[in-house]
Amino acid sequence: MSGRDDLYRHRESLPGSFRFDDAVVDVFPDMIDRSVPGYSLIVPMIGQLARRYVQADSTVHDLGCSLGAVILSIRSALLDREHLGSPRLVATDNSGPMISRLEERLGDLGIDTVSSDSPAEPRATGPLPIELNLADIRDVAVDDASLVALNFTLQFLDPADRDELLQRVSSGLRPGGALILAEKIRFEDSAVQERLTDWHHDYKRLQGYSELEIARKRTALEQVLLTETEAAHRDRLERVGFRRVTRWFQCFGFCAWLAER
Ligand code: GEK
């Protein structure tokens, strides 16, 4: 059962202490929805984009899948696309509690799962099974893919590791394939940064978070969630070989782009 996020009402926070642990998993859907303006729109839109970009018998990756919102949106969007054969859907996260909860959730929904660790297990029999991969996204092999999603995950990686990951994603995509990247960004201009941070905090207040909860979460995320500017993201995407990058969503500092191979 997923509950309301009141973690930082009760929890002191030390700088950089945020982890995707059991307590976060318990409230995750509510936490992300009330913290990321537009999340509830971005997820179904990724499904819509999947209908255009997923190619027959290719692989689709959801990197940093949490409780599977994105891979479930993609799967629903593909269910009636019989001409696509059997795309392989892979959901990866390095939080054990997230992957366990996702496995339970998929079981409740009657969706077959395959473990990336046990390829010898009997094959799933239902349509579009989801492969669950408890792993660091920096170790995931990307081959013969047509769609890769990084929905608010890259921001948790050491910036020094981001080029290598995106290079591997770019090289593993088929021509015509795409990366969907969503990130919280920062702004070069400090006045703009301040204004958009204020507006984001207004959003959180309206979602019922107190000043103390907002401040504690912010402290906990210091040096854990590391934002970059839009220009830095675009430069990297171009450097690793994406030919066209389109921003399709922005609300305050929360952006999503589609990068095409
Ligand atoms: C959604 N995409 O609901 N390797 C694997 N997973 C990682 C790593 C890593 N190195 N670093 C962080 N994660 C989801 C939301 S949440 C975003 C993504 C947020 C995982 C981490 O365990 C968590 O589940 C996810 O990335 C980030 O659309 O909470 O703001």
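A.B. asks: When you look at the sheet that holds strand β5 (residues 145-151) in this model, what are you seeing that I'm missing?
C.D. replies: Neighbouring strands of a sheet are bound in pairs by backbone hydrogen bonds; such pairs are parallel or else antiparallel. If you walk across this open sheet you meet the eight strands as β3-β4-β2-β1-β5-β6-β8-β7, and the pairing is mixed. A strand with exactly one partner marks an edge of an open sheet, and here the two such strands are β3 (113-115) and β7 (244-251). Averaged over all neighbouring strand pairs, the angle between strand axes comes to 20°, with direction disregarded. Relative to strand β8 (residues 254-260), strand β6 (residues 173-184) runs antiparallel, the two sharing seven bridges. Looking at the pairing, Glu183 lines up with Cys255 of β8. Sheet strands in contact with helix α5 (residues 96-109) are β2 (88-93), β3 and β4 (130-134), and its direction is about 160° off that of β4.

A.B. asks: Is there a simple way to explain the environment of Arg81 in this structure?
C.D. replies: Along the chain, the position of Arg81 falls in the loop between α4 (69-78) and β2. Residue Arg81 is classed as partly exposed on the basis of its relative accessible area of 23%. C-alpha separation for the pair Arg81 and Ala56, spaced 25 residues apart in sequence, amounts to 9.4 Å. Within the structure, the side chain of Arg81 is placed 2.9 Å from the backbone oxygen of Arg51, a separation counted as a polar contact.

A.B. asks: Can you walk me through empty space enclosed by the protein in this structure?
C.D. replies: Within this structure, the stated rule accounts for two cavities of 30 Å³ or more. A volume near 70 Å³ is recorded for the largest cavity. At four residues, helix α7 (residues 190-206) tops the list of elements feeding residues into the lining of the largest cavity. Residue classes in the lining of the largest cavity are distributed as five nonpolar, four polar and one charged. Size it by volume and the second largest cavity reaches roughly 50 Å³. Among the elements that line the lining of the second largest cavity, the one with the most residues is helix α8 (residues 211-220), at three residues. Of the residues contributing to the lining of the second largest cavity, the split by class is four nonpolar, no polar and four charged.

A.B. asks: What should I look at first to understand helix α6 (residues 159-172) in this one?
C.D. replies: Between the first and last C-alpha of α6 there are 21 Å, a value that for 14 residues agrees with the 20 Å anticipated at 1.5 Å per step. Listed in full, the buried residues belonging to α6 are Arg162, Leu165, Leu166, Arg168, Val169, Ser170 and Gly172.

A.B. asks: Looking at this structure, how should I read the side chain of Asp93?
C.D. replies: Note that Asp93 resides in strand β2. Put simply, Asp93 is tucked away with no salt bridge, and the nearest opposite charge, on Arg138, sits 11 Å away. There is a polar contact of 3.3 Å between the side chain of Asp93 and the backbone nitrogen of Cys65. If sequence neighbours within four positions are ignored, Asp93 has contacts with Gly64, Cys65, Ser66, Met98, Ile99, Asn133, Leu134 and Ala135.

A.B. asks: Can you help me understand the packing of α7 against α8 in this one?
C.D. replies: Axes are the key here: two packed helices are described by the angle between their axes and the distance separating the axes. Orientation of α7 relative to α8, taken along the N-to-C sense of each, is 125°, at an axis distance of 10 Å. With respect to each other, α7 and α8 are oriented oblique. Relative to α8, α7 is oriented so that their crossing is right-handed. Within the contact between the two elements, α7 uses Thr197, His201, Lys204 and Arg205 and α8 uses Glu211, Ile214, Lys217 and Arg218.

A.B. asks: For this particular structure, what's the right way to read the site of the ligand?
C.D. replies: As a structural note, the neighbourhood of the ligand is formed by 22 residues, with Tyr39, Gly64, Ser66, Asp93 and Asn151 the closest of them. Ser66 is positioned such that a nitrogen or oxygen atom in its side chain is 2.8 Å from an oxygen atom of the ligand. In this structure, Ile137 approaches the ligand through a main-chain N or O atom, which is 2.9 Å from a nitrogen atom. Coverage of the ligand by the protein amounts to 94% of the 660 Å² it exposes when considered alone. At the level of secondary structure, the elements contributing two or more residues to the shell around the ligand comprise α2 (22-35) and α4. Looking at the shell around the ligand, its residues break down into twelve nonpolar, seven polar and three charged.

A.B. asks: How do you make sense of the pairing of strand β1 (residues 59-63) when you look at a structure like this?
C.D. replies: Judged by how many residues are buried, β1 sits mostly within the fold: five of five residues are covered. With burial as the criterion, each face of β1 is covered, one bearing Thr59, His61 and Leu63 and the other bearing Val60 and Asp62. Taken together, the five bridges between β1 and β2 define a ladder with parallel strand orientation. Pairing of Thr59 across the sheet is with Arg88, part of β2. Read as a crossover between parallel neighbours, the route from β1 over α4 to β2 is right-handed.

Calculation notes
- Residues numbered from 1 in each chain as written.
- Predicted model: local features only at pLDDT ≥ 70, side-chain atom pairs only at ≥ 80, totals over all residues.
- Heavy atoms only, no water.
- Pairing = 2+ DSSP bridges.
- Helix = DSSP H or I, 4+ residues; strand = E, 2+ residues; numbered from the N terminus.
- Axes fitted to C-alpha atoms, helices over the stretch in contact; angles between N-to-C directions.
- Contact = heavy atoms within 4.5 Å.
- Buried < 20%, exposed > 50% of the residue type's maximum accessible area, 1.4 Å probe, protein only.
- Polar contact = N/O pair within 3.5 Å; in protein donor to acceptor, adjacent residues only side chain to side chain.
- 1 Å grid on protein atoms, 1.4 Å probe; cavity = no way out; pocket = protein on both sides within 12 Å on 5 of 7 lines; lining within 4 Å.
- Points joined across faces, edges and corners; volume = space filled by probe spheres on them.
- Nonpolar A, V, L, I, M, F, W, Y, C, P; charged D, E, K, R; others polar.
- Expected span 1.5 Å × (residues − 1).
- Lys, Arg positive; Asp, Glu negative; His and termini not counted.
- Salt bridge = Lys/Arg side-chain N within 4 Å of Asp/Glu carboxyl O.
- Parallel < 35°, antiparallel > 145°, perpendicular 65-115°, else oblique.
- Left-handed = near helix turned anticlockwise from the far one by under 90°.
- Near = heavy atom within 4 Å.
- Areas by Shrake-Rupley, 256 points an atom, 1.4 Å probe, with all protein chains shown as cover.
- Right-handed = clockwise from strand over helix to strand, strands pointing away.

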